[in-house]
Amino acid sequence: MNTILSVKNLKKYFPIKREGKFFGVKHDVLKAVDDVSFDIYEGETLGLVGESGCGKTTLGRTIMRLYDPTGGKIIFKGDDITELDQKQLHPYRKDMHMIFQDPYASLNPRMTVSEIIMESMINDTALSASQRKEKVLELLDLVGLNSDHATRFPHEFSGGQRQRVGIARSLAANPKFIVCDEPISALDVSIQAQVVNLLKDLQKRLGLTYLFIAHDLSMVQYISDRVGVMYLGRMVELASSEELYKSPLHPYTTALMSAVPVPDPDKERQKRRIIVEGEVPSPINPPSGCAFNTRCPRATDKCRGVAPSFTEVTPNHFVACHLFDNEKKEEKIQ
Amino acid sequence: MNNILEVKELSTSFFTKFGEIKAVDKISFTLEEGEVIAIVGESGSGKSVASMSIMGLVDTGGKIVNGQILFNGKDVVGLKEKEMEKIRGSEISMIFQDPMTCLNPVFTIGSQMEESLKLHFKEMTKAQRHEKIINMLDMVGIANPEQRAKQYPHELSGGMRQRVMIAMSLLCNPKLLIADEPTTALDVTIQAQIIDLMRNIKEEFNTAIILITHDLGVVASIADKVMVMYCGEVVESAEVRKLYYESKHPYTWGLLKALPRLDMKDNELQPIPGSTPDLLLEHEGCNFFERCEYAMECCRKAKPPVFEAGEAHKVKCWRYHPDFKEDI
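These numbers were taken from a predicted model, which means no experiment stands behind them. (Residues numbered from 1 in each chain as written. Chains lettered and ligands numbered in written order. Predicted model: local features only at pLDDT ≥ 70, side-chain atom pairs only at ≥ 80, totals over all residues. Heavy atoms only, no water.)

(A) Spatial organisation of the overall build of chain B. If you tally the helices and strands in chain B, you get 12 helices and 12 strands. Relative to the globule expectation of 20 Å for 328 residues, the C-alpha radius of gyration of chain B, 21 Å, shows essentially globular dimensions. Of the contacts formed within chain B by residues at least 6 apart in sequence, a portion of 64% connects residues at least 24 apart. Approximately 15200 Å² of chain B is accessible, and the part contributed by carbon and sulfur atoms is 50%. Between the averaged position of the 38 positive side-chain charges in chain B and that of its 48 negative side-chain charges there is a distance of 3 Å. (Helix = DSSP H or I, 4+ residues; strand = E, 2+ residues; numbered from the N terminus. Rg over C-alpha atoms; globule rule 2.2 N^0.38 Å. Contact = heavy atoms within 4.5 Å. Areas by Shrake-Rupley, 256 points an atom, 1.4 Å probe, with all protein chains shown as cover. Lys, Arg positive; Asp, Glu negative; His and termini not counted. Charge placed at Lys NZ, Arg CZ, Asp CG, Glu CD.)

This is how it looks when you write it as structure tokens:
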């Protein structure tokens, strides 16, 4: 499998100014994304889950270079795009696109649907005006809307339809790679399934690669080939979605899995739920050592002192947890 | 067991310049002490309006046009605002979706909680009130309740705020608690904590709970009875196990099939086609007609009445007419 995107030790810190106790300004750093590495293969869907504030959206935006990374490398199709300025990024912009969470806020209310979609094609000078129009209609058809919709404005559509327009827009430049940032969170259950199935279908037909960001574990598990779990800016576990469900290793993943309510009353009432105590600590002053140690039922002194490294415990199953240090060592000896 | 709440043919409409919108259309249910009933539905299905009607808090422009709400045997529809105020907050209380917008940002948690005690228990002394507040905060699982009571809402996290809201709603020992999407704004691990807390409340205080949600997983974990709402109507109501394992209405089937499930592999998602119809347009037939794969000719022409599809299992669908035969 070819790697389409490779992220190496990516960091994104935000400076925070606060008033000092007496005088002056105190400078703090919010570590939104801290030392995250992974690869995305061509044609796959990599899911990214985590609770609010864990940095999954920042990670997606940093990969798109909407934010400038603080450290690390982003390698897209073999080229390092970390240091490129916005102009140099132009040729890459065509290949990577984004679908946003809020279909109400991400469409310009003063533009018609065809104008919204056509805007993505502005840079494609090879297309004539009539070809563009034709392409808009093609795209609308592709996402399950019809040609009547082209002249309408966003407010005339329902949430699910708007998200379809957002998807059509992101497909207009024939991208290879799409970051889907919570594309279904704002939609109703019955509409969510429509949009997810559409995304799956488009992937098959156009050979797209997705980075699918969501907080809904069951939806991520459904759409993704591999899933990464994030906690406080770090990736704590990465495995194929089947493996992650069958044998989650990190205590956080286990807790997250058991916290998701299943629509089955008998199972739900028999299930022994692992309830993690407390809340996610602030990313401004994250706990030392492993970030999860304040809530982890199996935390030891080592967890409080030393941050675990993100390593491959079994083939293609990465985890950052001291509980699996021994297994890692054994493997090295072998 | 006593019926604490009995809703009979309740209809609430909103009158807009474009016409009447039947947000809640003739819903009926009963709720016993210590029972949890879940109202499930998508946005715009009328589940929140139904709960607001019970609280007597329907927005301006809206009106209860039909039906009775018997709380402890007494009809609360059309009660004067003064009388309703006595019930609201003390006997029926409510938790909302977004705890941040429900708490006043300029008062401390403690003083906001004290307010309802001052109103409903006039004979309490200040020390008694304080003690009660601290006990309640402790009960809902807030560490250092003494300190927390002195803090402002912005100093607490989302899950903590929702706990405060729950503590506040329980202060006057209500007999009925209405929880409107109490966990929607929270993360899953916090959601699990809050669901757990609500289960304890139900057992400890024998409080009846109306849970309004769109999450069928949450419903499965806590509810005793479920009502599925669609376009203002209750299309199916049953005991929780029956609703999941022997559901009857095509809309309920659709909802269950549209959910991805962690406990099952490779369940293909089957979305419900189309979207909810415009409630302004009056149509003769079943509201779900256009999206239903089992729709028949009669579904277009006439609204289905309520059919009994088993013990305490009601369905609004022509398929359960005694003369209906499955076409093969």
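(B) Geometry of the nonpolar core. Core analysis: the biggest nonpolar cluster contains 127 residues, and Ile117, Ile167, Leu171 and Leu202 of chain A have the highest contact counts within it. Two domains share this core, each providing at least three of its residues, namely domain 1 (3-95 + 175-274) and domain 2 (108-174) of chain A. In contact with isoleucine 117 of chain A, other than residues within four places in its own chain, are Val136, Leu139, Leu140, Ala168, Arg169 and Ala172 of chain A. Core analysis: the second largest hydrophobic core is formed by 31 residues, Ala23, Val24, Val76 and Met227 of chain B among them. (Core = buried A, V, L, I, M, F, W, Y, C linked by side-chain atoms within 4.5 Å. Buried < 20%, exposed > 50% of the residue type's maximum accessible area, 1.4 Å probe, protein only. Domains from an automatic or database assignment.)

(C) Geometry of the packing of helix H4 (residues 109-120) of chain B against helix H5 (residues 126-139) of chain B. Residues and elements named next belong to chain B. Direction vectors running N to C along H4 and H5 enclose 120°, while the axes themselves pass 10 Å from each other. Viewed along their axes, H4 and H5 adopt a mutual orientation that is oblique. Relative to H5, H4 is oriented so that their crossing is right-handed. Taken together, the residues of H5 that come into contact with H4 (itself represented by Gly110, Met113, Glu114, Leu117 and Lys118) are Lys126, Arg129, Lys132, Ile133 and Leu137. For the contact of H4 with H5, a count of residues per class yields four nonpolar, one polar and five charged. (Axes fitted to C-alpha atoms, helices over the stretch in contact; angles between N-to-C directions. Parallel < 35°, antiparallel > 145°, perpendicular 65-115°, else oblique. Left-handed = near helix turned anticlockwise from the far one by under 90°. Nonpolar A, V, L, I, M, F, W, Y, C, P; charged D, E, K, R; others polar.)

(D) Focus on the packing of aromatic side chains. All names here are of chain A. Inspection of every chain in the model, using the stated rule, returns 11 aromatic pairs over all chains. Pairing tyrosine 231 with tyrosine 252 gives two aromatic rings, centres 4.5 Å apart and planes at 55°, and the pair type is tilted. Of the two residues, tyrosine 231 is situated in strand S9 (residues 226-231) and tyrosine 252 in helix H9 (residues 251-259); the sequence distance between them amounts to 21 residues. Plain terms: the ring middles of tyrosine 231 and phenylalanine 292 are 5.0 Å apart, the flat faces sit at 85° to each other, and that makes the pair edge-to-face. On the criterion of sequence distance, the pair formed by tyrosine 231 in strand S9 and phenylalanine 292 in the loop between helix H10 (265-270) and helix H11 (301-305) is long-range, its members being 61 residues apart. (Phe/Tyr/Trp six-rings, centres within 6.5 Å; stacked < 30°, edge-to-face > 60°.)

(E) Seen up close, the domain arrangement of chain A. Residues and elements named next belong to chain A. Segmenting chain A into domains produces domain 1 (3-95 + 175-274) and domain 2 (108-174). Averaged C-alpha coordinates put domain 1 and domain 2 at centres separated by 26 Å. For the pair domain 1 and domain 2, the summed buried surface comes to about 1200 Å²; carbon and sulfur atoms form 70% of the total. Of all residues in domain 1, the largest losses of buried area upon contact with domain 2 belong to Pro175, Leu198 and Leu202, amounting jointly to 37% of the total for that side. At the boundary of domain 1 and domain 2, one finds zero salt bridges. Linking domain 1 with domain 2 are two residue pairs in polar contact (both at pLDDT 80 or more), by the criterion used here. The residue makeup of the side of domain 1 that touches domain 2, split by class, is 11 nonpolar, one polar and four charged. (Buried area = accessible area lost by both parts, 1.4 Å probe. Salt bridge = Lys/Arg side-chain N within 4 Å of Asp/Glu carboxyl O. Polar contact = N/O pair within 3.5 Å; in protein donor to acceptor, adjacent residues only side chain to side chain.)

(F) The arrangement of the environment of isoleucine 284 of chain A in detail. Tracing the sequence through the fold places isoleucine 284 of chain A in the loop between H10 and H11. Sequence spacing of isoleucine 284 of chain A and threonine 300 of chain A is 16 residues, and the spatial spacing of their C-alpha atoms is 23 Å.

(G) How the structure looks around the interface of chain A and chain B. On the side of chain B, 45 residues touch chain A, which itself brings 38 residues to the contact. Roughly 3700 Å² is buried in total at the junction of chain A and chain B, and carbon and sulfur atoms are behind 57% of that figure. Among the residues chain A hides against chain B, the three largest losses belong to Val189, Pro263 and Glu279 of chain A. Together they make up 17% of the total. For the pair chain A and chain B, the number of links is two salt bridges. A salt bridge links aspartate 266 of chain A to arginine 241 of chain B; the shortest N-O distance between them is 2.8 Å. One can count 17 residue pairs in polar contact (both at pLDDT 80 or more) joining chain A with chain B. Of all the secondary structure elements, the ones that give two or more residues to the side of chain A that touches chain B are helix H6 (189-206), helix H7 (217-223), helix H8 (241-246), H9 and H10 of chain A. In terms of residues, the side of chain A that touches chain B owes the most to one element, H6 of chain A, which gives seven residues. Split by residue class, the side of chain A that touches chain B holds 18 nonpolar, eight polar and 12 charged.

(H) Examining the pairing of strand S4 (residues 71-76) of chain A more closely. All names here are of chain A. Sheet analysis places strand S1 (residues 3-19) next to S4, joined by five bridges and oriented antiparallel. Of the residues in S4, the one forming a bridge with leucine 5 is phenylalanine 76. Here S4 runs beside strand S5 (residues 79-80); their pairing, made up of two bridges, is antiparallel. Bridge pairing in S5 links phenylalanine 76 to aspartate 79. (Pairing = 2+ DSSP bridges.)

(I) Region of the structure containing the confidence of the model for chain B. Chain-level pLDDT for chain B is 89 on average; 98% of the residues reach the 70-or-more range. Both scores are available for the predicted complex, with the pTM at 0.86 and the ipTM at 0.82. (pLDDT = per-residue confidence, 0-100.)

(J) A look at the environment of aspartate 75 of chain B. Residue and element names in this part refer to chain B. Looking at the secondary structure, you find aspartate 75 in strand S5 (residues 74-75). Looking at aspartate 75, the relative accessible area reads 27%, which means it is partly exposed. Along the backbone, aspartate 75 and methionine 160 are 85 residues apart, and their C-alpha atoms lie at a distance of 35 Å. Each residue touching aspartate 75, except ones within four places of it in the same chain, is listed here: Gln68, Ile69 and Leu70. A distance of 3.2 Å separates the side chain of aspartate 75 from the backbone nitrogen of isoleucine 69, its partner in a polar contact. Among the polar contacts made by the side chain of aspartate 75, one reaches the main-chain amide nitrogen of valine 77 at a distance of 3.0 Å.

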